[in-house]
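In case you want the letters, here they are:
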Amino acid sequence: MNSSLLDGLNPPQLEAVTLPDVSALILAGAGSGKTRVLTTRIAYLIQSRRVSPSGLLAVTFTNKAAREMLTRLSAMLPINTRGMWIGTFHGLCNRLLRAHHREAALPQSFQILDSSDQLSMVKRVMKSMNLDDEKFPPRQVQWFIANNKEHGLRASAVDTTDDFSRRMNEVYELYDQQCQREGVVDFAELLLRAFELLSRNEILREHYRARFHHILVDEFQDTNKLQYGWLRLLAGRDNFVFAVGDDDQSVYRFRGAEPGNMFGFDRDFPGARVIKLEQNYRSHGNILDAANALISHNRTRLGKNLWTAEGSGEQLRVYEAPSDLDEARYIVDEVRNLRAEGMRSTDIALLYRSNAQSRVLEHALFGAGLSYRVYGGLRFFERQEIKHALAYLRLIANPEDDGALLRVINFPTRGIGARSIESLQESATVHGTSLWQTACSNPPGGKAGASIGTFVRLIEGLRNSVTGLPLAEIVEAVVGGSTLKDHYQTERDGAERIENLDELVNAAATFNSEDLYDPAAPDGGAVDPNDPLAMLNAFLAHAALEAGEHQAGAGEDALQLMTVHSSKGLEFHAVFVSGMEEGLFPHENSLNEEDGLEEERRLMYVALTRARRRLYLTYAQSRMLHGQTRYHIRSRFFDEIPEQLLKRVNAVPQRSALGGMSSFGGFGRSSGGGGGNSLASSVAASASGWRVGQNVTHPKFGAGVIVNAEGRGADARVQVNFRDAGVKWLALEYAKLSAA
DNA sequence: TACCTCCACGTTTTT
DNA sequence: CGTGGAGGTA
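As the structure is a prediction and not an experimental result, all values here were calculated from the model. (Residues numbered from 1 in each chain as written. Chains lettered and ligands numbered in written order. Predicted model: local features only at pLDDT ≥ 70, side-chain atom pairs only at ≥ 80, totals over all residues. Heavy atoms only, no water.)

## Section: the overall build of chain A
Which entries qualify depends on this criterion: By the criteria applied, helices consist of DSSP H or I runs no shorter than four residues and strands consist of E runs no shorter than two, each listed in order from the N terminus. Burial classes: relative accessible area under 20% of the type maximum marks a residue as buried, over 50% as exposed, and values in between as partly exposed (1.4 Å probe, protein chains only). What makes two residues a contact is simply this: any of their non-hydrogen atoms within 4.5 Å. Accessible surface is estimated by sampling points in the Shrake-Rupley manner with a 1.4 Å probe; for residues, cover comes only from the protein chains shown.
Helix and strand counts for chain A stand at 28 helices and 21 strands. The burial tally for chain A puts 54% of its 740 residues in the buried class. Of the contacts formed within chain A by residues at least 6 apart in sequence, a portion of 74% connects residues at least 24 apart. Carbon and sulfur atoms make up 49% of the accessible area of chain A, which amounts to about 31800 Å² in all.

Okay, here's the thing in structure tokens:
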């Protein structure tokens, strides 16, 4: 039994899985069996080391990762995973706070704000302060609040240095007060509140410390300061943290991730072991060599080199397109070829640095009749109609939730306009009560008051009618009774919204209380499926914490389109990385940021290591961006990959723009590939040392940029758009052009 | 209240 | 170019 568990592990994997009681940092390279090691470690602890499943805490970054861990674990062990604390940081903190809501000073039915709810709340608070949202962009204030919370800082602890941040901090303070009044918490608050609860409350802290001797963390490089503090707090001196991560795949620094948590691990956990998993089971050698070479240009690294027992495989295919349209056309052609060879579409990924780049690709794919799926769109629980229905439900669960009330008090419209709402808010401020209480006891007079009375009776009627009903019937009654469906019936594209509302009822019906309910759990964190209110709260928390798969329509054989960020953790047989241009990838904004280029390089490393067998890197000389054609040179990342690993498939010999020989100098073989006249132009221009998009100066015409080229050798001519002199064709042999 | 037009903006994003 | 938000008008 035990041996089968460990069968097939390589020596470092085996060492990691069977470590004694110590803290450990597992540096797991891309495709090195990270998830396998993590889950096998859990299984090993339970089976061989007789650790009780309830004595383990495993924390991930995403719900998907948590689900996968649970699935794999139940396949490995004949145990009930229900009582186990495996989940996301936010999910586990929610669980903790529900179980100890009194100690955490929260109402039992506290609700969770997602980012858009949080933004509305910020706007509302700023409005009450009469803060100019021109001068203080709400998004920036929202970021300020979240960022401070993620550093463990309450408003009272924020060190404000200037008037601007002092003012934002005032919003922060009032925002927190308002959340507290309403009984709502934002995402960062879940973590901070749980952290403070355990810091302050010694009894609880010791209870959980005594319980969780083993704490396992996935994607450790993505943890922020607060999450790290939370881990350390729970670990105390006597427990063991098993952290798995890859500093080379840290690409969320912009969102608060502190890869530095990895670098300080052995300082904070004295005696911690460090194990590197460097054998890659995913990619062929050339792909890994390219990735290794690229990432070696980063200075801030723990240091790791992937290797594979497989052969070198193919070279990386590099395609230079005259334009983004040609690039898309080439990709479509190649996809067709791959499919003709029998590759499934789902095994092919089209990656890009930023979402805006998907449009051209989608257009080309659509035109070619190839089915594709774009990741990163609007998610189920974020849809307008779903948020509305959830707001009705939230209001029933917790009437103090002003945000929920404001969302639906006049949706569908019932004659409560901006003025009525404003006077309601004023009255609430005067009386120091929630909007709901004000609407009940101190409604404004006149017609507005009458409409508000109708709304109050609607909500009360709904609340009474669903008391004691099972979850699905509650949701069904509210979706129906709210007249949301009737409203969408009259809308032009309301049919899909109605479908989604029906889908919400289904989601409630299949909402799995089993995952949450463990009768044997020693703490009170379990949700009793027979307690309708508890189930409703759990469902609403689920809606906020797990916004749902991006889109339906999964399952069918479709190409996978996504940003490089979204591709982290996935793998594909063939991968196209498009838009490999300076300014796009690395993104121009990153160049001004501290460590920005290194993060871009890590991102590129992620992109390269997604591919198992075939990897395409494509770029375009010209690209439509923000409504105008822009000219970029190919990404510097090409220069960081050894030449012999690259194969230029459209054989454009090219000298670099700055005059030196490019890393492609040795390629001259001609093969297929799209392109038309403009391709010929690019050949002409680049062969002569000039390229489209290059800035030049002319002794007579002054400064300009090359916009086109034709001919070769003595006939080569370039078209230059001069700042002052307009567009002119110049023969290269005679014109005294120089690079600017 | 609803619709329309104009303007600003444009990296990555989970919970 | 395309979108989303804001503000103005019917």
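Next comes the rest of the description.
## So, helix α27 (residues 596–608)
Definition in use: Helix span, expected: 1.5 Å multiplied by one less than the number of residues in the helix.
For α27, spanning 13 residues, the distance from its first C-alpha to its last is 19 Å, which sits close to the expected 18 Å at 1.5 Å a residue. Those residues of α27 lying buried are Gly596, Glu598, Glu599, Glu600, Arg601, Arg602, Leu603, Met604, Tyr605, Val606, Ala607 and Leu608. Buried residues along α27 sit against α14 (285–295), β9 (316–323), β10 (348–352), α26 (564–567), β13 (572–577) and β14 (611–625).

## Here we look at the protein's contact with DNA strand C
Using the following cut-off: Whether a residue is near a molecule or strand depends on its heavy atoms: it is near if one of them lies within 4 Å of it. Basically, the charged four are Asp, Glu, Lys and Arg, the nonpolar ten are Ala, Val, Leu, Ile, Met, Phe, Trp, Tyr, Cys and Pro, and anything else, Gly included, counts as polar.
Taken together, the neighbourhood of DNA strand C is formed by Arg359, Met624, His626 and Gly627. If you look at DNA strand C and keep only atoms within 4 Å of the protein, 42% of those are sugar or phosphate atoms. By residue class, the composition of the surface near DNA strand C is 1 nonpolar, 2 polar and 1 charged.

## Some details on the packing of helix α17 (residues 384–397) against helix α25 (residues 532–545)
Let me state the cut-off plainly: To get an axis, fit a line to the C-alpha atoms, keeping to the stretch in contact for a helix; angles then go from 0 to 180 degrees between the N-to-C directions. Under this scheme an angle from 65 to 115 degrees is roughly perpendicular, one under 35 degrees roughly parallel, and one over 145 degrees roughly antiparallel; angles in between are oblique. Handedness of a crossing is defined here by the sense of rotation of the near helix relative to the far one, left-handed for an anticlockwise turn of less than a right angle and right-handed for a clockwise turn.
Interaxial distance between α17 and α25 falls to 10 Å at its minimum, and their mutual angle equals 140°. The angle between α17 and α25 places the two elements in the oblique class. Of the two elements, α17 crosses α25, and the hand of that crossing is left-handed. Contacts from Leu390, Leu393, Arg394 and Ala397 of α17 reach α25 at Leu533, Leu536, Asn537, Leu540 and Ala543. Of the residues assigned to the contact of α17 with α25, the class counts are 7 nonpolar, 1 polar and 1 charged.

## Some thoughts on helix α15 (residues 324–340)
With 17 residues, α15 extends 24 Å from end C-alpha to end C-alpha; this agrees with the ideal 24 Å at 1.5 Å per step. Within the span of α15, buried status applies to Asp324, Asp326, Glu327, Ala328, Tyr330, Ile331, Val332, Glu334, Val335 and Leu338. Note on α15: the residue one or two positions beyond its end, Gly342, has a positive phi of about 105°.

## Considering the pairing of β13
Rules: Paired strands, as defined in this entry, are two strands with at least two bridges between them according to DSSP.
Within β13, 5 of the 6 residues are buried, which leaves it mostly tucked inside the rest of the structure. Pairing of β10 with β13 involves 4 bridges; the strand directions are parallel. Residue Leu351 lies in a different strand from β13, and its bridge partner there is Val577. Note that β13 and β14 share 5 bridges and pair parallel. Its bridge partner being in β14, Phe572 is matched across the sheet by Ala611.

## Concerning the pattern of salt bridges
Definition in use: Basic side-chain nitrogens of Lys or Arg form a salt bridge, by our definition, when they fall within 4 Å of a carboxyl oxygen of Asp or Glu.
With the rule as written, the count across this model stands at 54 salt bridges. Ionic pairing is found between Arg253 and Asp595, a salt bridge with its closest N-O pair at 3.6 Å. Of this pair, Arg253 sits in the loop between β7 (240–245) and α12 (260–263) while Asp595 sits in the loop between β13 and α27, and the two are 342 residues apart along the sequence. Residue Arg253 is classed as partly exposed on the basis of its relative accessible area, which comes to 29%. Between Glu600 and Arg353 there is a salt bridge; the shortest N-O distance is 2.8 Å. Of this pair, Glu600 sits in helix α27 while Arg353 sits in the loop between β10 and α16 (358–367), and the two are 247 residues apart along the sequence. Just as Glu600 is buried, Arg353 falls in that class too.

## Some details on the protein's contact with DNA strand B
To keep it simple, the criterion reads: Distance and chemistry together define a polar contact, namely a pair of N or O atoms within 3.5 Å, with one atom able to donate a hydrogen and the other to accept it when in protein, and with adjacent residues in sequence counting only for side-chain atoms on both sides.
In the vicinity of DNA strand B lie 28 residues, with Ser115, Arg353, Asn355, Thr563 and Glu593 positioned nearest. Each atom of DNA strand B within 4 Å of the protein belongs either to a base or to sugar and phosphate, the latter forming 52%. One of the side-chain nitrogen or oxygen atoms of His90 is found 3.4 Å away from a base oxygen of DNA strand B. In this structure, Asn355 approaches DNA strand B through a main-chain N or O atom, which is 2.6 Å from a phosphate oxygen. Of the residues assigned to the surface near DNA strand B, the class counts are 6 nonpolar, 18 polar and 4 charged.

## Some remarks on unusual backbone geometry
At the junction of Phe411 and Pro412, the peptide bond is cis and its omega measures out at -10° in the coordinates. Within the secondary structure layout, Pro412 lies in the loop between α18 (402–408) and α19 (418–431). Looking along the chain, the bond that leaves Phe585 and enters Pro586 is cis, with omega of 10°. Checked against the element boundaries, Pro586 lands in the loop between β13 and α27. Positive phi values are uncommon outside glycine, yet Ala105 reaches one of about 60°. Positionally, Ala105 belongs in the loop between α5 (89–99) and β4 (111–112). The phi angle at Thr483 is positive, at roughly 60°, despite the residue not being glycine. Within the secondary structure, Thr483 is located in the loop between α22 (471–481) and α23 (484–489). Residue class for Thr483 comes out partly exposed when judged on its relative accessible area of 34%.

## As for the sheet that holds strand β8 (residues 273–277)
The sheet built from 6 strands is open, its strands ordered β3-β2-β6-β7-β1-β8 with parallel pairing. Lying at the two open borders of the sheet, with one neighbouring strand each, are β3 (85–88) and β8. Strand-to-strand twist of the sheet, defined as the mean angle between neighbouring strand axes without regard to direction, takes the value 15°. Bridge analysis of strand β1 (residues 24–28) against β7 gives 4 bridges, and the strand direction is parallel. Within β7, the residue paired with Ile26 across the bridge is Val244. Against the sheet, helix α4 (residues 63–76) contacts β2 (56–60) and β3, and its axis sits at roughly 150° relative to β3.

## Topic: the nonpolar core
Keep this limit in mind: Grouping buried Ala, Val, Leu, Ile, Met, Phe, Trp, Tyr and Cys residues that are joined through side-chain atoms within 4.5 Å yields what is termed a nonpolar core.
With 61 residues, the main nonpolar core has Ile215, Val217, Phe220, Trp230 and Phe265 as its most contacted residues. Setting aside residues no more than four positions away along its own chain, Trp230 makes contact with Leu57, Phe89, Leu92, Cys93, Leu191, Ala194 and Phe195.

## Considering the confidence of the model for chain A
Regions with low pLDDT should not have their predicted coordinates read in detail. Applied cut-off: The pLDDT value expresses, per residue, how confident the predictor is, ranging between 0 and 100.
Counting all residues, the mean pLDDT for chain A is 87, and 89% of those residues have values of 70 or more. Confidence drops under pLDDT 50 across residues 653–682; counting only partners more than four residues distant or on other chains, this segment forms 57 contacts.

## Considering the pairing of β3
As a reminder of what qualifies: When the strands point away from the viewer and the connection leading from the first strand across the helix to the second strand turns clockwise, the crossover is called right-handed.
Inspection of the sheet shows β2 paired to β3 by 4 bridges, in the parallel sense. Within the sheet, the bridge partner assigned to Thr60 lies in β3 and is Thr88. Each parallel crossover has a hand, and for β2 linked through α4 to β3 it is right-handed.

## A closer look at the packing of aromatic side chains
Two aromatic rings, taken as a pair, are described by how far apart their centres are and by the angle between their planes. The test is simple: The criterion for an aromatic pair is that two Phe, Tyr or Trp rings (for Trp, the six-membered ring) have centres within 6.5 Å, with stacked assigned to planes under 30 degrees apart, edge-to-face to planes over 60 apart and tilted to the rest.
In this structure the tally under the stated criterion is 19 aromatic pairs. Look at Tyr208 and Phe212: their rings are 6.0 Å apart centre to centre, the planes differ by 15°, and that puts the pair in the stacked class. Both rings, one in Phe220 and one in Phe265, keep their centres 5.6 Å apart while their planes meet at 85°; by these two values the pair is edge-to-face. Taken together, the positions of Phe220 in the loop between β6 (214–217) and α11 (225–235) and Phe265 in helix α13 (residues 265–268) put the pair 45 residues apart, joining distant regions of the chain.

## Describing the side chain of Arg601
You can see Arg601 is positioned in helix α27. Overall, the relative accessible area of 5% leaves Arg601 in the buried class. A polar side-chain atom of Arg601 sits 2.7 Å from a polar atom in the side chain of Glu640. In contact with Arg601, other than residues within four places in its own chain, are Leu294, Ile295, His297, Asn298, Phe637 and Glu640.

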